[in-house]
Amino acid sequence: MSSSPVVEVSGIHKAYGSTVAVDNVSFAVQEGEIFGLIGPNGAGKTTTMECVEGLRQPDAGRIGVFGLDPIKDARALQNRIGVQFQQAELQKRIKVREAVELWASLYDAPVDATRLLEQLGLSEKRDAWFMTLSGGQKQRLFIALALINNPELVFLDELTTGLDPQARRTIWDLVRDIKDRGKTVFLTTHLMEEAERLCDRVAIIEHGRIVDHDSPAGLIARHCPQRRTVVATAYPNATEAFGRLTPVDDVSSDGEELTVSGRGDDLVTAVIHAISEHQMQVTAFRTERPTLEDVFLTLTGHSIKD
Amino acid sequence: MLRGLWTLTWLEIKIFTREPMGLIGTVAIPVLMFVVLGRSVASRLTTSSWQGAETLRNGLPVFGAVFVAISTVLSLVAIISIYREGGILKRLKATPLEPVTILVTHVLVKLILTAITIGLMVLVGRRYYPSGVDVPVFSFSLALLVSTWSILSIGFIIASLVRTARFAPPLGSLALYSMLPFCGLFTPVEALPAPLQTVSSVLPLTYAVSLLSGIWKGNPWSSHLGDLAALVVVFAVCTAIASRVFRWE
Ligand SMILES: Nc1ncnc2c1ncn2[C@@H]1O[C@H](COP(=O)(O)OP(=O)(O)OP(=O)(O)O)[C@@H](O)[C@H]1O
Ligand SMILES: [Mg+2]
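As the structure is a computational prediction, the values presented were derived from the model and not from experiment. (Residues numbered from 1 in each chain as written. Chains lettered and ligands numbered in written order. Predicted model: local features only at pLDDT ≥ 70, side-chain atom pairs only at ≥ 80, totals over all residues. Heavy atoms only, no water.)

### Side note on the site of ligand 1
Residue and element names in this part refer to chain A.
Okay, so step 1: Neighbouring residues of ligand 1: 14 residues in total, closest Gly42, Lys45, Thr46, Thr47 and Gln86.
Okay, so step 2: Taking Arg56, its side chain carries an N or O atom lying 3.4 Å from a nitrogen atom of ligand 1.
Okay, so step 3: Within the side chain of Glu158, a nitrogen or oxygen atom sits 3.2 Å from an oxygen atom of ligand 1.
Okay, so step 4: Contact with the protein chains hides 65% of the accessible area of ligand 1, taken as 630 Å² for the molecule alone.
Okay, so step 5: Among the secondary structure elements, those contributing two or more residues to the shell around ligand 1 are strand E2 (19-29) and helix H1 (45-53).
Okay, so step 6: At three residues, H1 tops the list of elements feeding residues into the shell around ligand 1.
Okay, so step 7: When the residues that make up the shell around ligand 1 are grouped by side-chain class, the tally is four nonpolar, seven polar and three charged. (Near = heavy atom within 4 Å. Polar contact = N/O pair within 3.5 Å; in protein donor to acceptor, adjacent residues only side chain to side chain. Areas by Shrake-Rupley, 256 points an atom, 1.4 Å probe, with all protein chains shown as cover. Helix = DSSP H or I, 4+ residues; strand = E, 2+ residues; numbered from the N terminus. Nonpolar A, V, L, I, M, F, W, Y, C, P; charged D, E, K, R; others polar.)

Structure, rendered in structure tokens:
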């Protein structure tokens, strides 16, 4: 992990006319990790990623991929990276097998096409035209194309946007498989749940700027240390009993439901302890952990969906 | 060099044959038109109005050829804009495929289809042209391929400038078909008023028509060096412009 990073971006800047898409962005992707660039629509994720892929030229700043320049050394890099685009189509009437075989013919050392289709669950669809595939199947085909050259680094831009939860889960498993095979994954998403489940580290980007980066757990711990436990009880002095606990900051009640908030990992233990000590009759109990969604809200002042 | 060219060309031809409308428009309709017009020529040949038959006999193949060339170019314009809009060009560009390979592939596919169309026309044409009339089929096909190749470069400019797939084909048609009245196909260039003759002299299609009709009549290539040079210049200039303004996405 301490070796030099696979991707190193420092101070890149990109504007389209008067629209500043990427503004002084720096980050690094380490070998073997899943790194996520997360942010709302128009934040500059795709622009940043395509600069790293060598498809766009930043106006300023430096990018290194395996220590190489994405534009000058494009040829040398092509065999080491795999790319999946946010918006891509293939010829309507190309067959799945033909697409994979075409891609395979373009690289020096492709993996076995039949096995790859099998791994991605596309064997049955090998003779289907592209236009007849479902959204999830199309995305799996694009993943296959991104993996055909056995790349060390895989770029995935908004891989699951527009898919139903079931298809999304399937794709998540596939991304974990990619990582398990020792590859580095650089992805973008505006789904916080996806980032939290998949990524080892994330960078939050908004209006072209990186707001913060860390592991999802690290970001949550730093920006939203607040934990909440909701207890439903008819016990008369419950509010006072919970209020006296050290990790508790605040207790609010809504009828019989008490929301106990505080910080630190001890909060839940302390609440349970108090319940048993006072022999409270509890009818419902749940804990609420803050998510990356909350981190985003704290950092930017608005929800990512707005 | 041009890695993947043949794989992609073969694949694109296969994909093309899966689309019924494309096949009908590019191959079937020109051949059908030829048959219909050919029948009328054949009937006139027997009614001994030799003068009219002469015009038709020489005019028809050139007429057919020009339409083949134009429909080829238009389908290239259409496919490039559809591919770009759908991100297919961009997807292909992010592979070791050279951008120029993709363009050359499409030119090849179109030229191969043109060759097939000519072949079919020659086959059906046998029935309407008296045997013994010596027709330079090979030279004429070559002239048509050269003309198409040159006009294709205009297609590239149109495909480069018009970004939306919906507008590219109509604008392409407008650009190409508006050359028709002035290119000597219907009215000989010499018969046009002087200002229109000037217009005619800057239209690439004029040189294509001149080359095609000359070769059909049996002129040697050496008498059409001017036309050839003009077509090569058109190709060089348009390709240079297109490669500057061409966008992959
Ligand atoms: N080719 C382009 N020409 C002009 N403006 C562009 C271009 N590409 C992106 N932009 C602008 O740059 C900004 C960042 O766009 P980008 O596609 O990088 O965002 P994103 O984070 O990927 O968004 P999304 O989640 O919607 O995919 C947007 O304001 C967008 O309108
Ligand atoms: Mg994007």
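### Quick look at the side chain of Glu53 of chain A
Okay, so step 1: By the element assignment, Glu53 of chain A lies in helix H1.
Okay, so step 2: Leaving out residues up to four positions away in the same chain, Glu53 of chain A has contacts with Pro70, Ile81, Val83, Phe85 and Phe155 of chain A. (Contact = heavy atoms within 4.5 Å.)

### Regarding the coordination of the magnesium ion (ligand 2)
Okay, so step 1: Ligation of the magnesium ion (ligand 2) by protein atoms is provided by Thr46 of chain A (OG1) and Gln86 of chain A (OE1), these donors lying 1.8 to 2.1 Å from the ion. You can see Thr46 of chain A sitting in helix H1 and its partner Gln86 of chain A sitting in the loop between strand E5 (81-84) and helix H3 (96-106), a full 40 residues away along the chain. (Donors = N, O, S within 2.8 Å, 3.2 Å for Na, K, Ca; no water.)

### So, the sheet that holds strand E11 (residues 248-254) of chain A
Residues and elements named next belong to chain A.
Okay, so step 1: Spatially, four strands are ordered E11-E12-E10-E13 in an open sheet, and the strand pairing comes out antiparallel. Two strands close off the open sheet at either side, each with one partner strand: E11 and strand E13 (282-288). Adjacent strand axes in the sheet meet at a mean angle of 15°, parallel and antiparallel pairs treated alike.
Okay, so step 2: On the sheet, helix H10 (residues 266-277) packs against strand E10 (226-233), E11, strand E12 (257-263) and E13 and is oriented at approximately 20° with respect to E10. (Pairing = 2+ DSSP bridges. Axes fitted to C-alpha atoms, helices over the stretch in contact; angles between N-to-C directions.)

### Here we look at the packing of H3 of chain A against helix H1 (residues 5-17) of chain B
Okay, so step 1: In the contact formed by H3 of chain A and H1 of chain B, the axes pass within 10 Å of each other and the chain directions differ by 165°. Here H3 of chain A is positioned roughly antiparallel relative to H1 of chain B, judged by the angle of their axes. In this structure, the crossing between H3 of chain A and H1 of chain B has a hand that is left-handed. In this structure, H3 of chain A contributes Glu98, Leu102 and Ser105 of chain A to the contact, and H1 of chain B contributes Thr7, Leu8, Leu11 and Lys14 of chain B.
Okay, so step 2: Counted by class, the contact of H3 of chain A with H1 of chain B contains three nonpolar, two polar and two charged residues. (Parallel < 35°, antiparallel > 145°, perpendicular 65-115°, else oblique. Left-handed = near helix turned anticlockwise from the far one by under 90°.)

### What to know about the interface of chain A and chain B
Okay, so step 1: With 25 residues of chain A at the interface, the matching set in chain B holds 24 residues.
Okay, so step 2: Counting each side, the surface lost to burial between chain A and chain B is near 2,300 Å², with a carbon and sulfur contribution of 57%.
Okay, so step 3: Its largest share of buried area at the contact with chain B, chain A owes to Gln91, Arg93 and Leu106 of chain A, together 28% of the area lost on that side.
Okay, so step 4: Where chain A meets chain B, there are three salt bridges.
Okay, so step 5: Looking at the side of chain A that touches chain B, the elements with two or more residues in it are helix H2 (74-78), H3 and helix H5 (135-147) of chain A. (Buried area = accessible area lost by both parts, 1.4 Å probe. Salt bridge = Lys/Arg side-chain N within 4 Å of Asp/Glu carboxyl O.)

### Description of the packing of helix H9 (residues 204-217) of chain B against helix H10 (residues 225-245) of chain B
Residues and elements named next belong to chain B.
Okay, so step 1: At a minimum axis separation of 9 Å, H9 and H10 run at an interaxial angle of 145°. Read as a crossing pair, H9 and H10 show a hand that is left-handed. Residues Pro204, Tyr207, Ala208, Ser210 and Leu211 of H9 pack against Asp227, Leu228, Ala230, Leu231 and Val234 of H10.
Okay, so step 2: The residue makeup of the contact of H9 with H10, split by class, is eight nonpolar, one polar and one charged.

### Observations regarding empty space enclosed by the protein
All names here are of chain B.
Okay, so step 1: Taken as a whole, this structure holds three cavities of 30 Å³ or more when the rule is applied.
Okay, so step 2: Here the largest cavity defines a volume of roughly 50 Å³.
Okay, so step 3: As for the largest cavity, its lining consists of Pro30, Met33, Phe34, Leu37, Leu60, Phe63, Gly64, Phe67 and Met121.
Okay, so step 4: Looking at the lining of the largest cavity, the elements with two or more residues in it are helix H2 (20-46) and helix H3 (50-85).
Okay, so step 5: In the lining of the largest cavity, the residues fall into eight nonpolar, one polar and no charged. (1 Å grid on protein atoms, 1.4 Å probe; cavity = no way out; pocket = protein on both sides within 12 Å on 5 of 7 lines; lining within 4 Å. Points joined across faces, edges and corners; volume = space filled by probe spheres on them.)

### Here we look at the pattern of salt bridges
Between side chains of opposite charge, pairing is possible as soon as their charged atoms come close.
Okay, so step 1: Summed over the entire model, instances satisfying the criterion amount to 19 salt bridges over all chains.
Okay, so step 2: For the salt bridge of Glu98 of chain A with Lys14 of chain B, the shortest nitrogen-to-oxygen distance reads 3.5 Å. Here Glu98 of chain A, found in helix H3, pairs with Lys14 of chain B, found in helix H1, and the two come from separate chains.
Okay, so step 3: Close ionic contact of Asp200 of chain A with Lys179 of chain A constitutes a salt bridge, the shortest N to O distance being 2.9 Å. Linking Asp200 of chain A in the loop between helix H7 (192-198) and strand E8 (201-206) with Lys179 of chain A in helix H6 (residues 165-180), this pair joins segments that are 21 residues apart in sequence.
Okay, so step 4: Counted as one network, the salt bridges with shared partners bring together Arg228, Glu257, Arg286 and Glu288 of chain A.

### Some details on the environment of Phe66 of chain A
All names here are of chain A.
Okay, so step 1: Topologically, Phe66 is positioned in the loop between strand E4 (60-65) and H2.
Okay, so step 2: By relative accessible area, Phe66 is classed as partly exposed at 21%.
Okay, so step 3: Sequence-wise, Phe66 and Ser4 are 62 residues apart; in three dimensions their C-alpha atoms are separated by 8.4 Å.
Okay, so step 4: Look past the residues within four positions of Phe66 in its chain and what remains in contact with it is Val6, Leu77, Arg80, Ile81, Glu152 and Leu153. (Buried < 20%, exposed > 50% of the residue type's maximum accessible area, 1.4 Å probe, protein only.)

### Thoughts on a nonpolar patch on the surface
Okay, so step 1: Residues Met21, Ile24, Ile29, Met33 and Leu37 of chain B make up a contiguous nonpolar surface patch of about 430 Å² in total accessible area.
Okay, so step 2: Note that Ile29 of chain B resides in helix H2. (Patch = residues over 30% accessible without salt bridge, like charges linked within 9 Å, V, L, I, M, F, W, Y side chains within 5 Å.)

### What to know about the packing of aromatic side chains
To describe a pair of aromatic rings, you give the distance between the ring centres and the angle between the ring planes.
Okay, so step 1: If you walk through the whole model with that rule in mind, you get eight aromatic pairs over all chains.
Okay, so step 2: An angle of 50° between the planes, with centres 5.7 Å apart, marks the rings of Phe155 of chain A and Phe186 of chain A as tilted. Within this pair, whereas Phe155 of chain A is found in strand E6 (residues 153-157), its partner Phe186 of chain A is found in strand E7 (residues 184-189), the two being separated by 31 residues in sequence. For the residue pair Phe155 of chain A and Phe186 of chain A, the accessibility class agrees, reading buried in each case.
Okay, so step 3: With a centroid separation of 6.1 Å and 40° between ring planes, the pair formed by Phe67 of chain B and Tyr177 of chain B is classed as tilted. With Phe67 of chain B in helix H3 and Tyr177 of chain B in helix H7 (residues 168-177), this pair connects stretches of sequence that are 110 residues apart.
Okay, so step 4: Ring pairing ties together the aromatic residues Phe27, Phe35, Phe155 and Phe186 of chain A, which thus form one cluster.
Okay, so step 5: Just above the ring of Phe66 of chain A sits the side chain of Arg80 of chain A; from NZ or CZ to the centre is 4.0 Å. (Phe/Tyr/Trp six-rings, centres within 6.5 Å; stacked < 30°, edge-to-face > 60°. Lys NZ or Arg CZ within 6 Å of the ring centre and 35° of its normal.)

Geometric values such as these leave the question of function open.
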